[in-house]
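This is what each chain is made of:
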Amino acid sequence: LLKQESPELLQLIEDFEVKLMELKDELHPLLQMVKNGTIPQGKGSRYLQTKYHLYLNYCANISFYLVLKSKRMSVHSHPIIERLVAYRNIINDLAVIDQKLSSQVRVLLKNYYDKKEDKLRKEKKFAMFLPLDVKKNKPKRPPALANGRATADEPSDESDMDEEAALKYYKMMEEKLKLKRKRTKDQDILEEEAELEGEDPNKKRGVTYQMIKNKGLTPRRKKIDRNPRVKHREKFRRAKIRRKGQVREVRRELQRYAGEPSGIRAGVKKSRKLQ
């Protein structure tokens, strides 16, 4: 049924997935290299940016097409089909240029991902200096199996070192926090004692927040009456609504006329008779 109604749907979904993968794995890293200065500014960088935006627009149009299909709307006479065909033709025209640049692009991407791997290795090397909670988030590797049994005899010196360092760091931070809490608590006690000692028994008591807020017997007023500007704005908004019932506003035709949403009643007459 789906193939009969819209045979292009499955092809578009496949295109959507492929183009998104290409955007993520190829074009985005290449644009990062353009920003970093690895790829110099020129025709090549402009071509990459154009291709990136072209793919993004193509994917955006496919997603809009999928939204229309999910709402069970007719798409055959919709302008989105023409737009998709146009984008598809442009992408097909770029295939010749892509074929010429494929070797250079492969080399650039290889260098980019090699650098990324080196960076990850360095981060793992210095991971022993990270706190304990960061280490907990890392996934644990399952033990390697040899002849159906786990090789538990082999000692993992590096992992033990990492755990010991993390535990030391955690304990040190815990002690620091305890000392800080103790200092603040002692300081608060000393301040309270100083206030109690400095109080004069004959001196008048200070005004509290409850006393300031106590307004006595005042009439309840609406919130809108506090600000005249807001009140006038609200009056203007209501007046505009009333005026809509008296005078019909001129509506501009932003899109092609598709009939009245509420339907047309044949018996209603709104014209005036000339006497």
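Everything below is about the structure printed above this text.
Okay, so let's go over this structure. Just so it is clear, the structure is predicted and the values come from calculations on it, not from any experiment.

Procedures and definitions
- Every chain is numbered on its own, with residues counted from 1 as its sequence reads.
- With pLDDT at 70 or above as the cut-off, local features in this predicted model cover only qualifying residues; side-chain atom pairs require 80 or more to be listed or tallied, and sums for whole chains, interfaces and linings still use all residues.
- Here the side-chain values reflect all heavy atoms present in the structure, with hydrogen atoms and water set aside.
- Helix and strand assignments come from DSSP, with helices taken as H or I runs of at least 4 residues and strands as E runs of at least 2, each series counted from the N terminus.
- Accessible area is worked out with a 1.4 Å probe on protein chains only. A residue is then buried under 20% of its type maximum, exposed over 50%, and partly exposed in between.
- We call two residues in contact whenever any of their non-hydrogen atoms come within 4.5 Å of each other.
- Note on areas: these come from Shrake-Rupley sampling with a 1.4 Å probe, and a residue is covered only by the protein chains present in the view.
- Salt bridges, as used here, are contacts in which a Lys or Arg side-chain nitrogen is within 4 Å of a carboxyl oxygen on Asp or Glu.
- To get an axis, fit a line to the C-alpha atoms, keeping to the stretch in contact for a helix; angles then go from 0 to 180 degrees between the N-to-C directions.
- Roughly parallel here means an angle under 35 degrees, roughly antiparallel means over 145, roughly perpendicular means 65 to 115, and every remaining angle is called oblique.
- In a left-handed crossing the near helix is turned counterclockwise from the far helix by less than a right angle, and in a right-handed crossing that turn is clockwise.
- Amino acid classes used here: Ala, Val, Leu, Ile, Met, Phe, Trp, Tyr, Cys and Pro are nonpolar; Asp, Glu, Lys and Arg are charged; the rest, including Gly, are polar.
- Only residues above 30% relative accessible area that lack a salt bridge enter a patch, with like-charged residues linked at up to 9 Å and the nonpolar side chains Val, Leu, Ile, Met, Phe, Trp and Tyr linked at up to 5 Å.
- A residue counts as positive if it is Lys or Arg and as negative if it is Asp or Glu; His and the chain ends are not included.
- To locate a charge, take atom NZ for lysine, CZ for arginine, CG for aspartate or CD for glutamate.
- Residues enter a nonpolar core if they are buried and are Ala, Val, Leu, Ile, Met, Phe, Trp, Tyr or Cys, with the set joined through side-chain atoms within 4.5 Å.
- Any two of the Phe, Tyr and Trp rings considered here, Trp counted by its six-membered ring, make a pair once their centres fall within 6.5 Å; the pair's planes then place it as stacked at under 30 degrees, edge-to-face at over 60, or tilted in between.
- A positively charged side chain is recorded as over a ring if its NZ (Lys) or CZ (Arg) lies within 6 Å of the ring centre. The angle to the ring normal must also be within 35 degrees.

Turning our attention to the overall build of the chain. In terms of helices and strands, the chain carries nine helices and two strands. When the elements of the chain are put in sequence order from the N terminus, they spell out α-α-α-α-α-α-β-β-α-α-α. Split into buried and exposed, the 275 residues of the chain put 13% on the buried side. Long-range pairs, those at least 24 residues apart, make up 62% of the contacts in the chain between residues at least 6 apart in sequence. For the chain, the accessible area works out to roughly 25800 Å², and carbon and sulfur atoms hold 54% of it.

Enumeration over the complete set of coordinates arrives at five salt bridges. Between glutamate 234 and arginine 237 there is a salt bridge whose closest N-O contact spans 2.7 Å. A residue pair is termed a helical-turn pair when its members lie 3 or 4 positions apart in one helix, as glutamate 234 and arginine 237 do in helix H9 (residues 228-246) at three residues. By relative accessible area, arginine 237 is classed as partly exposed at 44%. Across the salt bridge formed by arginine 238 and glutamate 234, the nearest N and O atoms sit 3.5 Å from each other. You can see arginine 238 and its partner glutamate 234 sitting in helix H9, four residues apart, about one turn around the helix. A network of salt bridges, in which partner residues are shared, links Glu234, Arg237 and Arg238.

Below, the discussion takes up the packing of helix H2 (residues 8-36) against helix H4 (residues 79-93). One way to put it is that H2 packs onto H4 with a least axis distance of 13 Å and a crossing angle of 50°. By the angle between their axes, H2 is oblique relative to H4. Between H2 and H4 lies a crossing of left-handed hand. Contacts between H2 and H4 pair Glu8, Gln11, Leu12, Asp15 and Lys19 from the former with Ile81, Leu84, Arg88 and Ile91 from the latter. Within the contact of H2 with H4, the residues separate by chemical class into four nonpolar, one polar and four charged.

In this structure, asparagine 61 sits in helix H3 (residues 43-70). When its relative accessible area of 12% is taken as the criterion, asparagine 61 is described as buried. Those residues in contact with asparagine 61 that sit more than four places away from it in its chain are Ile80, Arg83, Leu84 and Tyr87.

On the surface, Lys213, Lys215, Lys223 and Arg226 cluster together into a positively charged patch. Take lysine 223: it is sitting in the loop between helix H8 (209-213) and H9. Owing to a relative accessible area of 67%, lysine 223 belongs among the exposed residues under this scheme.

Below, the discussion takes up the packing of H2 against H3. Contact geometry of H2 with H3 gives a least axis separation of 9 Å together with a crossing angle of 150°. It follows from the interaxial angle that H2 and H3 lie roughly antiparallel. Seen along the crossing, H2 lies across H3 with a hand that is left-handed.

On to the nonpolar core. Formed by 26 residues in total, the largest nonpolar core has its most connected members in Leu48, Tyr58, Tyr65 and Leu84. Listed by contribution, the elements that provide at least two residues to this core are H2, H3 and H4. In terms of residue count, the dominant contributor to this core is H3 (10 residues). Here tyrosine 58 is in contact with Leu12, Asp15, Lys19, Leu84, Tyr87, Arg88 and Ile91, once residues within four sequence places are set aside.

A separate point is the packing of aromatic side chains. Enumeration over the complete set of coordinates arrives at zero aromatic pairs. Looking at lysine 19, its charged tip hangs above the ring of tyrosine 55, at a distance of 5.5 Å from the centre.

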